[in-house]
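# Reading the structure
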Amino acid sequence: MIDLKDIFYEFSSRNALELIRKISGFHRAKGSLEYSKAREIIQNYLKNSTLLTFPMDKTYNTWQSPPSWNLKGGYLKYQNGKYIVSDLSLTPISAIFLSDKTDGVEKLKVFDVGKGETEEDYKNFEPGNAVLADGNPTLVYLYAIEKFKARCVLSYYMKAQDKSIGRTPNLLPDTINYTSFPSFKNKYAFGYALSYDQFQELREKLKKEKVYIEAFLDADQGTNTLEVLQENIGKDTDQPAIILTAHLCHPKPGANDNASGSALLAEIMRVLEKFQDHLNRKIIGLWVAEMYGTAAYLTTEFPKNAYVINLDMVGEDQFKTGSTLKLTPSPWEIPSFLGELLYINLEDPAFRLSFERYSGGSDHYMFSDPSLGIPAVSLTNWPDRYYHSSDDTVDTCSKNTLDWIGKAVLKTIYDLDNMNQEVSAQVKGKIINNHFKLVNVQSKLITNYLNYMTYLKLQQLSKYGDVEEELIEFFKEKIELDLIPQQKRKIRKNIGPISDSWYNIEDIKWMNQIREEIPSFRDFLDVFLNVFELGFSKEEAILIAKAELGIEEDLKAEVEHYLQRLKEEKLIEI
């Protein structure tokens, strides 16, 4: 048996940090040449990786990929005046993702449309010109481009503002925020993401005078291919495979999000290559275009008996970014002790760590389908002061954080083959602790389901380490089996969550309005479908999904509306 300290001696967080430095130098749009160059960095670092390619003009498990996009350069300036954006090849994040190329240098009049999220905002707009807007970019696109035939969008939009960590426009006035047109874009459009200072300057000018701009932007289709890099090591056994995932896409620099996950995964796989003769299972590393690459991968042959660990934004210097490492467990519908095992290996007073409720938002949730039954957990530092911005540089990463998380993942893999009594006792204690945190004030339905889930977790853990039979029986005896469905139903036609690429403007407005009050509403819909497919009634599925995500509002009408829209779009059978 290999000694864990030998694995730790081999691991180098400095290697991961240097890989982040290299990867973050590329503007990694899906289908771009620079995405391919970043992928080559990782591929050259590994011994036996394989490149999987998927055409981007196809739909994979309801996930229709955005158009392939390769930015080549450009600029933006006041007509006969100074540059606003001097060179897109140096600051590519200033181009709105999925922008079309301009017709040479275009000279346009600028109209301030406020947020640009309603028809009323465009009452004075003249088609064929540019809009200045600080609303949701998807809604701005749908109104400005689709409805009112604008040529160009000049945008300022900061997602996830958070005063507690200094993430506000006033505190980050020179920051460029990552902005994208919707993936379902089908009309000619180009645009620029401005800093808060640039945006305010332009808005003030427009109060005093007419403003004209000169815009040049060059882009093409690039490779028109979703690239998924895969490395398989270890051996096929009856033990669950471990799939380690990280998304490689995002704008330059994108150091924490997600050069850090991609780099740390590369270093973990390099270490495991050295010790693969000692592995008692298959280990698969996947570097994907977020969501869409994973959706495409799920159409291939892959291990159905597996665990998934997703690495997303794992490089943060928590002091600089204001972040806490969030461990997102597998959903209730796919009970697993994997989250608790990983958590106890991460516990360290030098870092902030929390065990979260289930949430989506990264590639782990693409596996979160009870019909697959693959437990998937995710590690993400959040919130992050520099999220999706020009300030997400390697300088905000920490070698210590990479060392902490990298070794915790390696130890978790090691423990699955070599779990000792101390580790199994800690995991068992964490499972029980989590159980009683949840079970206190729940209804009979929820309490019964939590008893059932805890029983399954302990039963699974007993295959790896010591768990008293009396403890397993204690929870088993508390289960009322008549409250647990014995037959599943399948209503989704796809594997994994249903994408939102079918949304029309009314769907988007509906979703955004509810999420203002209930931020986890999108996750709730996914969880509801999971629970409903387990065989629970619609009403029971709503109650369980609300309990899982900590939602108190009555959502029966919203569920009925969502199901009706899915039926209209022929995405479910019910």
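In this report, we go over the structure that sits alongside the text.

Criteria and cut-off values
Residues numbered from 1 in each chain as written. Predicted model: local features only at pLDDT ≥ 70, side-chain atom pairs only at ≥ 80, totals over all residues. Heavy atoms only, no water. Helix = DSSP H or I, 4+ residues; strand = E, 2+ residues; numbered from the N terminus. Rg over C-alpha atoms; globule rule 2.2 N^0.38 Å. Buried < 20%, exposed > 50% of the residue type's maximum accessible area, 1.4 Å probe, protein only. Areas by Shrake-Rupley, 256 points an atom, 1.4 Å probe, with all protein chains shown as cover. Lys, Arg positive; Asp, Glu negative; His and termini not counted. Charge placed at Lys NZ, Arg CZ, Asp CG, Glu CD. Pairing = 2+ DSSP bridges. Axes fitted to C-alpha atoms, helices over the stretch in contact; angles between N-to-C directions. Expected span 1.5 Å × (residues − 1). Arc of directions from axis to C-beta. Contact = heavy atoms within 4.5 Å. Core = buried A, V, L, I, M, F, W, Y, C linked by side-chain atoms within 4.5 Å. Parallel < 35°, antiparallel > 145°, perpendicular 65-115°, else oblique. Left-handed = near helix turned anticlockwise from the far one by under 90°. Nonpolar A, V, L, I, M, F, W, Y, C, P; charged D, E, K, R; others polar.

### Concerning the overall build of the protein
Within the protein, the secondary structure is distributed over 17 helices and 17 strands. Expected size for 574 residues packed as a compact globule is a radius of gyration near 25 Å; at 24 Å, the protein falls within 12% of this value. Counting only C-alpha atoms, the protein reaches 80 × 55 × 40 Å along its principal axes. Across the 574 residues that make up the protein, the buried fraction comes to 61%. Entry remark: accessible area of the protein is about 23,100 Å², with carbon and sulfur atoms responsible for 46%. Positive and negative side-chain charges of the protein, numbering 68 and 83 respectively, have mean locations separated by a distance of 3 Å.

### A short note on the sheet that holds strand E10 (residues 212-220)
Spatially, the seven strands line up as an open sheet ordered E5-E4-E10-E6-E7-E8-E9, and their pairing is mixed. Since the sheet does not close on itself, it has two edges, and those belong to strand E5 (83-85) and strand E9 (190-193), each with one partner. Direction aside, the axes of adjacent strands within the sheet are offset by 30° on average. Note: strand E8 (residues 152-155) against E9, four bridges, orientation parallel.

### A short note on helix H17 (residues 556-568)
In a regular helix each residue adds 1.5 Å, so 13 residues correspond to 18 Å; H17 covers 18 Å between its end C-alpha atoms and thus fits that length. Taken together, the buried positions of H17 are occupied by Val559, Tyr562, Leu563, Arg565 and Leu566. Relative to the axis of H17, the buried residues are bounded by an arc of 160° and lie together on one face. Facing away from the buried side of H17, by more than 90 degrees, are the exposed residues Lys556 and Ala557. Contact partners of the buried residues in H17: helix H14 (505-517), helix H15 (521-533) and helix H16 (538-549). Remark: Lys570 follows H17 within two positions and exhibits a positive phi of approximately 60°.

### Focus on the environment of Leu244
Looking at the element boundaries, Leu244 is found in strand E12 (residues 241-247). Overall, Leu244 belongs to the buried group, its relative accessible area being 0%. Residues Leu244 and Met453, 209 residues apart in the sequence, show an inter-C-alpha distance of 24 Å. Excluding anything up to four places from it in sequence, Leu244 contacts Leu265, Ile268, Met269, Ile283, Ile284, Gly285, Leu286, Ile309, Val409 and Ile413.

### With respect to the sheet that holds strand E13 (residues 282-288)
Pairing in this open sheet of eight strands is mixed, and the strands run E1-E11-E13-E12-E14-E17-E15-E16 from one edge to the other. Both edges of this open sheet fall to strand E1 (49-55) and strand E16 (353-355), since each of them pairs with a single strand only. In this sheet, adjacent strand axes meet at a mean angle of 20° when their direction is disregarded. Sheet topology places E12 next to E13; six bridges connect them, and they run parallel. Along E13, the bridge assignment pairs His247 with Val288.

### Some remarks on the nonpolar core
Core analysis: the biggest nonpolar cluster contains 202 residues, and Tyr192 and Phe524 have the highest contact counts within it. The element best represented in this core is helix H6 (residues 255-274), accounting for 10 residues.

### Let's talk about the packing of helix H4 (residues 137-147) against H14
With their axes 11 Å apart at the nearest point, H4 and H14 run at an angle of 150° to one another. It follows from the interaxial angle that H4 and H14 lie roughly antiparallel. In this structure, H4 meets H14 at a crossing whose hand is left-handed. Residues Thr138, Leu139, Leu142 and Tyr143 of H4 form the contact with H14, whose own contacting residues are Ile505, Ile508, Lys509 and Asn512. Across the contact of H4 with H14, the residue classes tally to five nonpolar, two polar and one charged.

### Side note on the pairing of strand E7 (residues 130-133)
Of the two faces of E7, the one lined by Ala130 and Leu132 and the one lined by Val131 and Ala133 are each fully buried. For strand E6 (residues 106-112) and E7, the ladder comprises three bridges, and the chain directions are parallel. Bridged to Asp112 within E7 is Leu132. Of the pairings in the sheet, the one linking E7 to E8 comprises four bridges and is parallel in character. By the bridge assignment, Leu132 is partnered in E8 with Leu154.

### Overview of the pairing of strand E4 (residues 70-78)
Counting buried residues along E4, eight of its nine residues qualify, which places the element largely inside the surrounding structure. As paired elements, E4 and E10 share eight bridges and run antiparallel to each other. Counterpart to Tyr75 in the pairing with E10 is Phe216. Pairing analysis gives two bridges linking E4 to E5, with the strands arranged antiparallel. Following the sheet pairing, Leu76 is matched in E5 by Val85. Counting the residues that bridge the hairpin from E4 to E5 gives four residues, and of these Asn80 lies at a positive phi of roughly 60°.

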